[in-house]
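Given next are the chains, with one letter for each unit.
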Amino acid sequence: MNPSRPSIRIAFWRSPEGQPDWARPALLTLAAITAVLYGWRIEDSGFASYYALAVKSMSVNGWALLYGALDPGATITLDKLAGAFVPQAISARLFGFHEWSLALPQVVEGVVAVLVMYRIGRRLAGPAAGLLAAGLFGLTPVVASMFGHAMEDGLLTLCLVLAADAFLAALTSGRLGPLLLAGVWVGLGFQAKMMQAWLILPAMAVTFLVAAPGGWRRRLGRLTAAGAVTLAVSLSWIALYEATPAGSRPYVDGSTNDSAIAMVFGYNGFDRFGWHVPGAVRVTDAGAGDGGGVHEESPHGSQGGQGGGFEQQETPDQGGPAKLAGARYASQIGWLYPLALFGLLFGLIARGRAPRTDPFRAGLLFGGLWLLVVAAVLGGMTIAHQAYLASLAPPLAVLSALAVVRAWTGLRDGDAPWQLPVLVVAELLWTIHLSRRFPDFLPWLWWVVAAAGAIALLVLAVARTLRRVRVAAMALAVAAMVATPVFWAASVLDPRYGGDAFEASAGPRPGGRAGTAGGNDLSPTGVLTAEQSRLHAYLTAHRDGARFLAATTFWHMASPYIAATGQAYLPMGGNHGSVPQPTPAGVEALVGTGELRYFLLPAAGDPGRRDGDTGTIGAIAAWVTATCRVVTDVAPPRDQVLYRCR
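Reading guide: rules and limits
- Residues numbered from 1 in each chain as written.
- Predicted model: local features only at pLDDT ≥ 70, side-chain atom pairs only at ≥ 80, totals over all residues.
- Heavy atoms only, no water.
- Helix = DSSP H or I, 4+ residues; strand = E, 2+ residues; numbered from the N terminus.
- Buried < 20%, exposed > 50% of the residue type's maximum accessible area, 1.4 Å probe, protein only.
- Phe/Tyr/Trp six-rings, centres within 6.5 Å; stacked < 30°, edge-to-face > 60°.
- Axes fitted to C-alpha atoms, helices over the stretch in contact; angles between N-to-C directions.
- Parallel < 35°, antiparallel > 145°, perpendicular 65-115°, else oblique.
- Left-handed = near helix turned anticlockwise from the far one by under 90°.
- Contact = heavy atoms within 4.5 Å.

Draft legend 1. Here's a closer look at the overall build of the chain. Counting its regular elements, the chain contains 26 helices and five strands. Buried positions account for 58% of the 646 residues belonging to the chain.

Encoded structure:
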């Protein structure tokens, strides 16, 4: 027997020097809990149709992977940067195209983010704050749902957490290396979710200028260097794309002029606030959702799949920042608003005369600015998917953890002992208010947390000299404040309450409606129906060397065939059918050279037919119906017609 093996196993659980014995075992236990929570329903996590189609294409074609193409033929890109889908494509390449293989990278990202959140809290206020920050982040309802599904927000959130950790290391040490690394992580976050990753930058810039060691010129110089790195990494894919000649790369969806700049900063950027950028597809024309168009429709009916009571009263586009306090969004992200905001206020007041470089106050400033900037931007834009809210989770968790640590320290040392009762009362009142908006979901819980909070405050007031009793009462007070969001997060284990691949949510939908598992009715399953199989076999047998098996007027018509076979079908018009790719002349050229022979179009009378449409797709459909013959040798799926062009 090798005597070194037991010590290795023990060392794995043993806390590093300088940390209490319970720190690492508690953290690893928390990581295991979140791994189970995120991965419990990984096998029925669903597909997010449009994005899953791109993942399949990227997994079978290296050129499509490089440019983030929607189709295996790499004729058109997604309508956003594809960085978040690269891990999914690699996973699908390794393990096959399954619901679980697409969700697996997000589960891993979530567990890593929880571990890094511990380090963030520990940097600022010690291991207890680190464990609280990690737990509050990992058990936030929208976070628990998001990391269990194939969503781009998972990688964005991980990158922001890693950026915050590196930034705080630079803030406390004054070294340039961690600051540059923070810029790299923000840039990679930009590849995942574009300009949303930049919302952390104002907090970084202000906090570093105010609280970093060294003279102001040194601070400004290092901040400038980090900004240059952030910009270079952020714009790297755009630069690659713009440097590649048109015709030698896929057309950029989300733009009308084949411009990655218009797609990123217009369609996915300023157009979301009503400021149109020339060359960008207008969001109001394409649909307000993340990618818009047909794929935004969920199995619950309306866009986003909310439905029910609060739908008419509280839409995602109304109310400005105040909408984040409404039942629809606050139930997913906002349970800890009072704890974080009161803690921020009390902490800044208490540290008002601390040295300029005080790490605790710097952490409060950084977390507070990060939270306020993200909340202001989300309040002013269309929140098409609740996963957007996950960007609020890291600063909320950190501020809440610092608030608890500060309140306990004040109570223990007799310095402002009133802060803890104020935090507990404010938090419980807010929790009860939100809980009562959902009277049919865990109706007993708010009674329990109210009683636990009252008992904890009573014991703390009475047992002034009994340390162990006061520690137990403090633990009970913390449990009372965080129990409700933890129970909501745990509801993702139930298929009725775990959200789906379109909508990250835990617990009931507003109005008392539960969610449903899986993606929507347009999601690719990777398995063809009998009709689709016969059609695909016919097209394969009669391909005659063509580059594409068939062209379709919408991506969702090509979706089942691409998902199941990975073969090159040509989805015309991009996500919304409004992008001029390919052009009528381009289609005629493809037919003339024999690269394209078949067209699969909606039947007459189908809403997707666009009879009389003078746009690009309408012009192509009119040319096909006038020039090509209907194929009768094989029956296409219902409400579709197959044409062959010579």
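Having seen the model, we can carry on.
Draft legend 2. Highlighting the packing of aromatic side chains. Evaluated as defined, the whole model comprises 28 aromatic pairs. Taking the centre distance of 5.3 Å and the plane angle of 55° together, the rings of Trp335 and Trp488 count as tilted. Note that Trp335 is positioned in the loop between helix H16 (327-333) and helix H17 (337-350) and Trp488 in helix H22 (residues 467-490), a separation of 153 residues in sequence. We classify Trp335 as buried; its relative accessible area is 1%. Centre to centre, the rings of Tyr538 and Tyr598 are 6.1 Å apart; their planes meet at 80°, and the pair counts as edge-to-face. Residue Tyr538 is located in helix H23 (residues 530-541), and its partner Tyr598 is located in strand S3 (residues 598-602); the two are separated by 60 residues in the primary sequence. Here Tyr538 matches Tyr598 in class, with each residue buried. One aromatic cluster in this structure is built from Trp335, Phe438, Phe441, Trp488 and Tyr497.

Draft legend 3. Focus on the packing of helix H5 (residues 86-95) against helix H6 (residues 99-125). With their axes 8 Å apart at the nearest point, H5 and H6 run at an angle of 130° to one another. One element, H5, and the other, H6, form an angle in the oblique class. Crossing of H5 against H6: the hand is right-handed. Contacts between H5 and H6 pair Pro87, Gln88, Ser91, Ala92 and Phe95 from the former with Trp100, Ser101, Leu102, Leu104, Pro105, Gln106 and Glu109 from the latter.

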